[in-house]
Amino acid sequence: SDSDAEWGVGSGAARGRRRKRKGKQDEAVVAAVAAARISERTGAEINYSEEQDIDMGETSAEEAEMQARERAKQKIPIDLDTTQSQPAAIEKILDHRQVGKEQTEDVDIGAHYIEFDRDEVEFYIKWERTSYRRSTWKTFDEVRSIPELRGLGKLTNHCKRVEEVKSFLLSGMAAPEDYEELTVRREANLAAIEENCRVERIVAERTGQDNEPEYLVKWENAGYSECTWENYKDLSGEQTLIDAYLVREQNAIPSGKTLNAFRDLGPARKPFKRIVEQPSWLYGGPEGRRLRDYQIEGLNFLAFSWCNDRNVILADEMGLGKTLQTISLIGWCKHAKNVGHPFLVVVPLSTIAAWQREFARWLPDLNVVCYQGDAESRGIVRRNEFYATNGKTVKFNVLLTTPELVLADEAELSSFRFSLLA
């Protein structure tokens, strides 16, 4: 009755609702790994919010608003230009292990979760504004003792997720494929961490606090927004990539006269000389790959059309090498006709990684910049990859991007006069 509700006794209907809610809480534990299994098979991503605690009960609107404000405070943008130290902040939890044990791929996945106790394990933590190479192992108490730490909720959420899996495994409802799913997910996670520790590209250089050179590093399988400044001593194994960066900077300002693709539309483009074999500047990678006869014929078609200022479309069937023929045309314009850069290549997002690989294999001497990612990543590209140190000369040879970003960043990209659009 209403009077019972006022005095906190609660009606039968209210008690039924509480039992139903309690049942849902118990079901959430069982559903945790089941959801992971379904997500792994379908390719969907589990939506675990790292900034938000997993609340099994009800949250009032006022509490939800307070939590949202707190999360907004933690979203501090990364300032790549500062050399000042900033308070520690947890970005993500990568793994956990028993205190004193080494991290290995070959572990008993059941024991990895069943023996979990947040007070007896240490966590592999990726810190904000630092690379994966600087991730460290910390116990829960060590993390809590860090002054002005941000992101402690991420560690708490990680513990909750592991404890949910632990409860599911202990319930006796786990099938062999559940253990296999957990093993595969952990191995994939460790492989991704290893990949993120490899340097893909040196983006910029500066003098650090100790008057020593520091390099802005773009890491493999990571966007430009995850670039970090690294001391040159910590990059002793990447001297080849540092040298490649220095060469790009040196070659940014042309040493001689180049052909203007807009002014020289007539005789300067001609004559057309037929290409009968693979040019020497078309590298082909360490495997020594060669153009097929029909691909050389396609390159001749493209080159002849360029000499006659004619727009064309390659209508080959899928898998016949349209990507390679287009890359070969750009190399021909650069090396055979000495056309001044830049070139613009617009491709679907799903193929952009393949284009990057093919450019690196066939034309490794060209500076190819991949313009993709969120607004922060694209801003870093514009500040560090677009212009040489004089602030005027275009530094890249090829800009590789997607149709969506051409439209979204029209104001920034329209300042270039691209010699060729593919």
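Preceding this paragraph is the structure being described.
Residues numbered from 1 in each chain as written. Predicted model: local features only at pLDDT ≥ 70, side-chain atom pairs only at ≥ 80, totals over all residues. Heavy atoms only, no water.

Chemist: Looking at this structure, how should I read the overall build of the protein?
Modeler: Broken down by element type, the protein carries 14 helices and ten strands. Long-range contacts, defined as pairs at least 24 residues apart, comprise 68% of the intrachain contacts of the protein with a sequence gap of at least 6. Split by element, the accessible area of the protein, about 24,200 Å² in all, is 49% carbon and sulfur. (Helix = DSSP H or I, 4+ residues; strand = E, 2+ residues; numbered from the N terminus. Contact = heavy atoms within 4.5 Å. Areas by Shrake-Rupley, 256 points an atom, 1.4 Å probe, with all protein chains shown as cover.)

Chemist: Just checking my understanding: could you explain unusual backbone geometry for this structure?
Modeler: For Glu148, which is not a glycine, the phi torsion comes out positive at approximately 55°. A positive phi is found at Asn221, a non-glycine position, where the angle reads about 60°. Tracing the sequence through the fold places Asn221 in the loop between strand 5 (213-219) and strand 6 (228-231).

Chemist: Sorry if this is basic, but what is going on with the side chain of Arg361 here?
Modeler: Locating Arg361 in the fold gives a position in helix 11 (residues 352-362). When near neighbours in sequence (up to four residues on either side) are disregarded, Arg361 contacts Tyr283, Gly284, Gly285, Glu287 and Arg289.

Chemist: For this particular structure, what's the right way to read empty space enclosed by the protein?
Modeler: In this approach the atoms are scanned with a rolling probe the size of a water molecule, which exposes any empty space left behind. The final tally for this structure, using the stated rule, is one cavity of 30 Å³ or more. What the largest cavity holds in volume is close to 40 Å³. Taken together, the residues that form the lining of the largest cavity break down as three nonpolar, three polar and two charged. (1 Å grid on protein atoms, 1.4 Å probe; cavity = no way out; pocket = protein on both sides within 12 Å on 5 of 7 lines; lining within 4 Å. Points joined across faces, edges and corners; volume = space filled by probe spheres on them. Nonpolar A, V, L, I, M, F, W, Y, C, P; charged D, E, K, R; others polar.)

Chemist: Honestly, the layout of surface pockets in this entry has me stumped. Any pointers?
Modeler: In this structure, the second largest pocket spans a volume of roughly 1,300 Å³. Around the second largest pocket sit 43 residues that line it, and Arg201, Arg248, Leu366, Asn367 and Val368 are the ones nearest its centre. Of all the elements in the fold, those that place two or more residues in the lining of the second largest pocket are strand 4 (199-207), helix 8 (239-251), helix 11 and strand 8 (368-370). Of all the elements, helix 8 adds the most residues to the lining of the second largest pocket, at seven residues. Split into classes, the residues belonging to the lining of the second largest pocket amount to 18 nonpolar, 16 polar and nine charged.

Chemist: Explanation requested: the sheet that holds strand 5 in the structure shown.
Modeler: Within a sheet, neighbouring strands are paired by backbone hydrogen bonds and run either parallel or antiparallel to one another. Pairing in this open sheet of three strands is antiparallel, and the strands run 4-5-6 from one edge to the other. Looking along the sheet, the strands with just one partner apiece sit at the ends: strand 4 and strand 6. This sheet shows a mean twist of 35° between the axes of neighbouring strands, independent of strand direction. Where strand 5 and strand 6 come together, four bridges link them in antiparallel fashion. Pairing of Glu214 across the sheet is with Asn231, part of strand 6. (Pairing = 2+ DSSP bridges. Axes fitted to C-alpha atoms, helices over the stretch in contact; angles between N-to-C directions.)

Chemist: Before we go on, may I ask you to explain helix 12 (residues 375-385) in this structure?
Modeler: Because each turn of an α-helix spans 3.6 residues, side chains separated by three or four positions end up pointing in the same direction. Taken as a whole, helix 12 has its buried residues at Ser377, Arg378, Gly379, Ile380, Val381, Asn384 and Glu385. In this fold, the buried residues of helix 12 make contact with strand 4, strand 5, strand 8 and helix 13 (403-408). (Buried < 20%, exposed > 50% of the residue type's maximum accessible area, 1.4 Å probe, protein only.)

Chemist: Where do I start with the pattern of salt bridges in this structure?
Modeler: Opposite charge on two side chains makes pairing possible when the charged atoms of those side chains draw close. Across all of its chains, the model carries 23 salt bridges by this definition. Put simply, Glu238 and Arg133 hold a salt bridge, and the shortest N to O gap is 2.6 Å. Separated by 105 residues along the polypeptide, Glu238 in the loop between strand 6 and helix 8 and Arg133 in the loop between strand 2 (121-127) and strand 3 (136-139) bring together distant segments of the chain. In this structure, Glu249 engages Lys395 in a salt bridge whose closest nitrogen and oxygen atoms are separated by 2.7 Å. One end of the pair, Glu249, is in helix 8; the other, Lys395, is in the loop between helix 12 and strand 9 (398-401), with 146 residues separating them in the sequence. Its relative accessible area of 19% is what places Glu249 among the buried residues. What makes Lys395 buried here is its relative accessible area of 6%. Members of the salt-bridge network, linked through shared partners, are Glu128, Arg129, Arg150 and Lys154. (Salt bridge = Lys/Arg side-chain N within 4 Å of Asp/Glu carboxyl O.)

Chemist: What exactly am I supposed to notice about the sheet that holds strand 2 here?
Modeler: Taken in spatial order, the three strands make up an open sheet running 1-2-3, and their pairing is antiparallel. In this open sheet, the two strands that pair with only one neighbour each are strand 1 (90-98) and strand 3. Here the strands of the sheet are splayed against their neighbours by 35° on average, with no regard to which way each runs. One ladder, built from four bridges, connects strand 2 with strand 3; its direction is antiparallel. The residue of strand 3 that forms the bridge with Phe123 is Lys138. Strands strand 1 and strand 2 of the sheet are contacted by helix 6 (residues 152-170), whose axis makes an angle of about 40° with strand 1.

Chemist: Would you mind showing me how to read the side chain of Glu230 here?
Modeler: Inspection of the secondary structure assignment puts Glu230 in strand 6. Assessed through its relative accessible area of 4%, Glu230 is described here as buried. At a separation of 2.8 Å, a polar atom in the side chain of Glu230 contacts the side chain of Thr228. Setting aside its immediate chain neighbours within four residues, Glu230 contacts Ser131, Arg134, Pro213, Glu214, Tyr215, Val217, Trp219 and Leu235. (Polar contact = N/O pair within 3.5 Å; in protein donor to acceptor, adjacent residues only side chain to side chain.)

Chemist: I would appreciate a short explanation of the pairing of strand 2 in the present structure.
Modeler: Regular strands have side chains that alternate between both faces of the sheet. With respect to burial, strand 2 is a largely interior element, seven of its seven residues being buried. Relative to strand 2, strand 1 is paired through seven bridges, and the arrangement is antiparallel. Bridge assignment links Ile90 to a residue of strand 2, and that residue is Trp127.

Chemist: For this particular structure, what's the right way to read the packing of helix 9 (residues 293-307) against helix 10 (residues 322-335)?
Modeler: When two helices pack together, their arrangement is given by the angle between the helix axes and the distance between those axes. With their axes 9 Å apart at the nearest point, helix 9 and helix 10 run at an angle of 50° to one another. Judged on the interaxial angle alone, helix 10 and helix 9 are oblique. In terms of crossing hand, the pair formed by helix 9 and helix 10 is right-handed. The segment helix 9 lies against helix 10, with Gln295, Gly298, Leu299, Leu302, Ala303, Trp306 and Cys307 engaging Leu324, Gln325, Thr326, Ser328, Leu329, Trp332 and Cys333. (Parallel < 35°, antiparallel > 145°, perpendicular 65-115°, else oblique. Left-handed = near helix turned anticlockwise from the far one by under 90°.)

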